[in-house]
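What follows is each chain in one-letter form.
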Amino acid sequence: MRASLITTRSPAVSGSPAAEAGIVVGDVVTGIGGVPTAQAVLAFWQQVGLGVTPERADYAARVIAAGRRDGPRVLTVTRGGKAQTLTLPSLYTIHRDQRPVSVSSGAKAPTRIRINNSLGDLATIPAFDAAMAAIAPGNPVIIDVSDTPSGGNTSVARAMMGWFVQTPTGYQVHSLPAEERETGIARQWIEQVLPRAGKFHPGKVIIRVGRWTGSMGEGIAIGFRTIGAQVCGGPMVQLKGAVYDFTLPSSGMVVKLPAERLTTTDGVPREAVVPGECPVY
């Protein structure tokens, strides 16, 4: 196993603990909490009796580096062969932008609408609508869903995509493996996004995604991909399907598990979609 498992591939989010600590593209996290990253990842999976595969290593390294909500993270970051120890506060202890969306624009750059992990908040719809209404027809727009790890709902997603279609358009395919196992009859359907009255933007749209684009954020990515938008930024969370809640009968605890398979309209599993690099503005 490689000794280094986390290499930053995109700039840290502005104002985040990583950005404040000076972490830049190409830095490698070689230790977490004073333990070599590879060793920490191995221990993570040994606790549940599983071996380490490249996919599991990638997942565990990110979870461990994200840290616990009740304390800071101590990371050993190596750059150019030199290691330094950084202490980053928990995300739960810092102030984050509470607005559903943030908007920024420059003289030559497209307008950027950043979704602040709010795809499950219906207040995002009027906030997004207001941001879009302020953009001149034909001007390019970047929709940034790179900070949406909590996922969301299709109402918000369809409201956003509705700005960019003029006819009902399929944007993702659902299937229920459990129903086929139980009945022998496969069930599959295409979900559509519909145009919204008085709301259409004909300009170019770019969807920016990343490692913290999860669940409905990934659905937005494949949906916009279907309607012809450029999706960029690199691998997403790669959640394998729509999550359902299952209540355990004895404890009452709720377990969240993927229960629907989701694919693009041309048959690519959502988790297999890997966007390319974003253009530089």
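Residues numbered from 1 in each chain as written. Predicted model: local features only at pLDDT ≥ 70, side-chain atom pairs only at ≥ 80, totals over all residues. Heavy atoms only, no water.

Participant: Explain the side chain of threonine 37 to me, and be specific about the residues and the numbers.
Facilitator: If you trace the backbone, threonine 37 turns up in helix H2 (residues 37–46). Within the structure, the side chain of threonine 37 is placed 2.9 Å from the backbone oxygen of valine 29, a separation counted as a polar contact. (Helix = DSSP H or I, 4+ residues; strand = E, 2+ residues; numbered from the N terminus. Polar contact = N/O pair within 3.5 Å; in protein donor to acceptor, adjacent residues only side chain to side chain.)

Participant: Lay out the state of the cysteines in plain terms, naming residues and giving numbers.
Facilitator: Should the sulfur atoms of two cysteines be covalently bonded, the bond is a disulfide. Taken as a whole and assessed by the stated rule, the structure comprises one disulfide. Cysteine 232 shares a disulfide with cysteine 278; S-S distance 2.1 Å. Taking the torsion about the S-S bond as the criterion, the cysteine 232 to cysteine 278 disulfide, at about 95°, is right-handed. Remark: cysteine 278 occurs in the segment after strand E16 (254–263) and cysteine 232 occurs in strand E14 (residues 230–232); sequence separation between them is 46 residues. (Disulfide = S-S within 2.5 Å.)

Participant: Summarise the sheet that holds strand E12 (residues 205–208); cite the residues concerned and give the values.
Facilitator: An order of E6-E7-E8-E12-E14 is seen for the five strands of this open sheet, with the pairing classed as mixed. Bordering the open sheet on either side are strand E6 (101–104) and E14, each of which pairs with just one other strand. Taking each pair of neighbouring strands and ignoring which way they run, the sheet shows an average axis angle of 20°. Pairing between strand E8 (residues 141–144) and E12: four bridges, direction parallel. (Pairing = 2+ DSSP bridges. Axes fitted to C-alpha atoms, helices over the stretch in contact; angles between N-to-C directions.)

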